[in-house]
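# Tertiary structure, described
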Amino acid sequence: MKKEYSKIQLRRGKEESLKRFHPWVFSGAIEKMPDTVEEGDVVEVVSHTGETLGVGHFQIGSIAVRMLSDRAIDVNGDFYASRLGEAFGLRRALGLIRDDNNAYRLVHGEGDFLPGLIVDVYGTTAVVQAHSPGMHFARNLIADALVKLPDAGIKNVYYKSETTLPYKASLDPQNDYIIGSFDGNVAVENGLKFHVDWLKGQKTGFFVDQRDNRRLLQSYSAGRRVLNMFCYTGGFSVYALNGGARKVDSVDSSAKAIALTEANVKLNFGEEAQHKAWAVDAFKFLADMPQDAYDLVVLDPPAFAKHRGAIKNALRGYQRLNAKAMEKMPKGSILFTFSCSQAITKEQFRLAVFSAAAQTGRRVRILHQLTQPADHPVNIYHPEGEYLKGLILYIE
Ligand code: SAH
């Protein structure tokens, strides 16, 4: 028998965005709801006239409901198994599951119709992050469905939500294995090997979202002196060395990141690689570095704008960073520059980079415009899911 969920009724007209498949209900759109509804509950959303608009996870805050379906379905283990099966089918169709590639994003929140849920897979381990209380409460159902996914080969599920859940909700978040245990952490991406530290690393331990852009960097690396700023686990550095770079220098302010980068370079190329790594602030490194030292530079900073209020300062930060790099780069060099701030649009980022070019007076051309890869799909009804932006520039 179908389960009855508490009903949340919307104000007149507020059903419109749900009918256009946008997956969020804002708190201001709610007419009434029972007092018994608790954070993380599955709720049924109905229009002013009582028409069913679907079911979703309730949460206290400006986004009140994250929709799971536009029908009144049961949100149970079968539901998660079916959504995860669809997500896996897409990754397989994308050609991401191969002997020489076992690192990929399996679930990208709204982009996979599972708002509030992120799952990255590294070989036999899935790392799960919940961004909503509803997904936190569903973590055991999700873990069970992950290890049962046909052909995915997932044996261990590590749950890592201490930093992703809304801090006001006292949910007792955990960072621990829900199923299985540690059985190695070397993942393979496009034939290159990486130690992935989901226990102590940032996010799920690795930035799978730069896979395609790293491969593009590899194709530009032959014979070049490469500087990888904000290197984290050294993804771009490893691809640059693989592409025949003359030398690669990696920079990150975190000593832990530098140790990971060095370990990953060693894992692929041994001790002999032409690579050095520096634990230092990026702006300081750029200020101190000599003119014309590198002819391929990567700038992949952390999100400068974590929310809309920080946009103006963030844009100034992108401009300053890019200008500092551009002014030191020789004629004929190449700059890979990124922003992963969701609050900043493609146009705003491009304008910040344009300002940097104008400020330094360099002749700059755009060779490629980059974005997030296909295993981070954007639900067309939820353009907010698009966050990674990049430009490859030719500097003269
Ligand atoms: N390019 C990486 C991801 C970068 S994440 C990849 O492909 O995996 C951003 C990194 O910037 C983090 O590792 C963080 O430690 C580092 N970072 C943050 N602020 C910094 C600063 N001021 N100077 C140098 N590195 C910084």
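Residues numbered from 1 in each chain as written. Predicted model: local features only at pLDDT ≥ 70, side-chain atom pairs only at ≥ 80, totals over all residues. Heavy atoms only, no water.

### Structural notes on the overall build of the protein
For the protein, the count of helices and strands is ten helices and 20 strands. Relative to its length of 396 residues, the protein is compact, with a C-alpha radius of gyration of 23 Å against a globular reference of 21 Å. Summarising its shape, the C-alpha atoms of the protein cover approximately 70 × 45 × 35 Å along the three principal directions. Sorting the 396 residues of the protein into buried and exposed places 54% on the buried side. For the protein, long-range pairs separated by at least 24 residues make up 64% of all intrachain contacts whose partners lie at least 6 apart in sequence. (Helix = DSSP H or I, 4+ residues; strand = E, 2+ residues; numbered from the N terminus. Rg over C-alpha atoms; globule rule 2.2 N^0.38 Å. Buried < 20%, exposed > 50% of the residue type's maximum accessible area, 1.4 Å probe, protein only. Contact = heavy atoms within 4.5 Å.)

### With respect to the site of the ligand
Neighbouring the ligand are 15 residues, the closest being R214, D252, D281, A282 and D300. In this structure, Q202 approaches the ligand through a side-chain N or O atom, which is 3.0 Å from an oxygen atom. In this structure, an oxygen atom belonging to the ligand sits 2.7 Å away from a side-chain N or O atom of D252. Surface burial for the ligand is 88%, taken as the share of its 590 Å² of free accessible area covered by protein chains. Grouping the constituent residues of the shell around the ligand by class yields eight nonpolar, three polar and four charged. (Near = heavy atom within 4 Å. Polar contact = N/O pair within 3.5 Å; in protein donor to acceptor, adjacent residues only side chain to side chain. Areas by Shrake-Rupley, 256 points an atom, 1.4 Å probe, with all protein chains shown as cover. Nonpolar A, V, L, I, M, F, W, Y, C, P; charged D, E, K, R; others polar.)

### A few points about the environment of F283
Assignment of secondary structure puts F283 in helix α8 (residues 282–288). Residues F283 and G50, 233 residues apart in the sequence, show an inter-C-alpha distance of 57 Å. Apart from the residues lying within four places of it in its own chain, the contact partners of F283 are G317, R320, L321 and K324.

### Comments concerning the packing of aromatic side chains
Across all of its chains, the model carries 15 aromatic pairs by this definition. A centroid spacing of 6.1 Å and a plane angle of 85 degrees characterise the contact between W24 and F26, whose relative ring orientation is edge-to-face. F26 sits in the partly exposed class, given a relative accessible area of 40%. Between W278 and F285 the ring centres are 6.0 Å apart and the planes differ by 55 degrees, which places this aromatic pair in the tilted class. A relative accessible area of 36% means that W278 is categorised as partly exposed. On the basis of relative accessible area, F285 is assigned to the buried category, the value being 12%. A network of ring pairs unites the aromatic residues Y122, F182, F194, W198, F206 and Y239 as a single cluster. (Phe/Tyr/Trp six-rings, centres within 6.5 Å; stacked < 30°, edge-to-face > 60°.)

### Topic: the nonpolar core
The nonpolar side chains of a soluble globular protein tend to be buried with one another. Counting 35 residues, the largest nonpolar core has L106, V119 and L146 as its most contacted members. For this core, the secondary structure elements donating two or more residues are α2 (77–93), β7 (103–108), β8 (117–122), β9 (125–130), α4 (139–148) and β10 (156–160). Counting the residues that make up this core, at least three belong to each of domain 1 (6–69) and domain 2 (77–189). Grouped together as the second largest cluster of nonpolar side chains are 34 residues, L227, V251, L299 and A352 included. (Core = buried A, V, L, I, M, F, W, Y, C linked by side-chain atoms within 4.5 Å. Domains from an automatic or database assignment.)

### Some thoughts on unusual backbone geometry
The backbone phi angle of N190 is positive, close to 45 degrees, even though this residue is not glycine. Relative to the elements of secondary structure, N190 occurs in the loop between β12 (186–189) and β13 (192–195). Positive phi, close to 50 degrees, is recorded for K203, a residue that is not glycine. By relative accessible area, K203 is classed as exposed at 52%.

### Observations regarding the pairing of strand β5 (residues 52–58)
Remember that side chains alternate between the two faces of the sheet whenever the strand is regular. Counting buried residues along β5, six of its seven residues qualify, which places the element largely inside the surrounding structure. Here strand β4 (residues 42–46) pairs with β5 via five bridges, running antiparallel. Counted as the bridge partner of E44 is V55 from β5. Where β5 meets strand β6 (residues 63–69), four bridges bridge the pair, whose relative direction is antiparallel. The residue bridging V55 from the neighbouring strand is S69, located in β6. (Pairing = 2+ DSSP bridges.)

### Quick look at the environment of G184
Relative to the helices and strands, G184 resides in the loop between β11 (175–179) and β12. Separated by eleven residues in the primary sequence, G184 and H195 have C-alpha atoms spaced 8.8 Å apart.

### Structural notes on the pattern of salt bridges
Scanning all chains against the criterion turns up 16 salt bridges. A salt bridge links R98 to D100; the shortest N-O distance between them is 2.7 Å. Taking the relative accessible area as the measure of exposure, R98 reaches 31% and is therefore partly exposed. Residues R363 and E396 are paired through a salt bridge, measuring 3.5 Å at the closest nitrogen-oxygen approach. With R363 in the loop between α10 (346–360) and β19 (364–371) and E396 in the segment after β20 (389–395), this residue pair connects regions lying 33 residues apart in the sequence. (Salt bridge = Lys/Arg side-chain N within 4 Å of Asp/Glu carboxyl O.)

### Examining the domain arrangement of the protein
Much of the literature gives interface size as the accessible area that the parts lose upon coming together. Considered domain by domain, the protein is made up of domain 1 (6–69), domain 2 (77–189) and domain 3 (207–395). Between the C-alpha centres of domain 2 and domain 3 there is a distance of 27 Å. Between domain 2 and domain 3, the contact holds 17 residues from the first and 14 residues from the second. Of the roughly 1,200 Å² buried where domain 2 meets domain 3, counting both sides, 58% is carbon and sulfur surface. Counting across the interface, domain 2 meets domain 3 through one salt bridge. The partner of E189 in a salt bridge is R214, with the nearest N and O atoms 3.1 Å apart. (Buried area = accessible area lost by both parts, 1.4 Å probe.)

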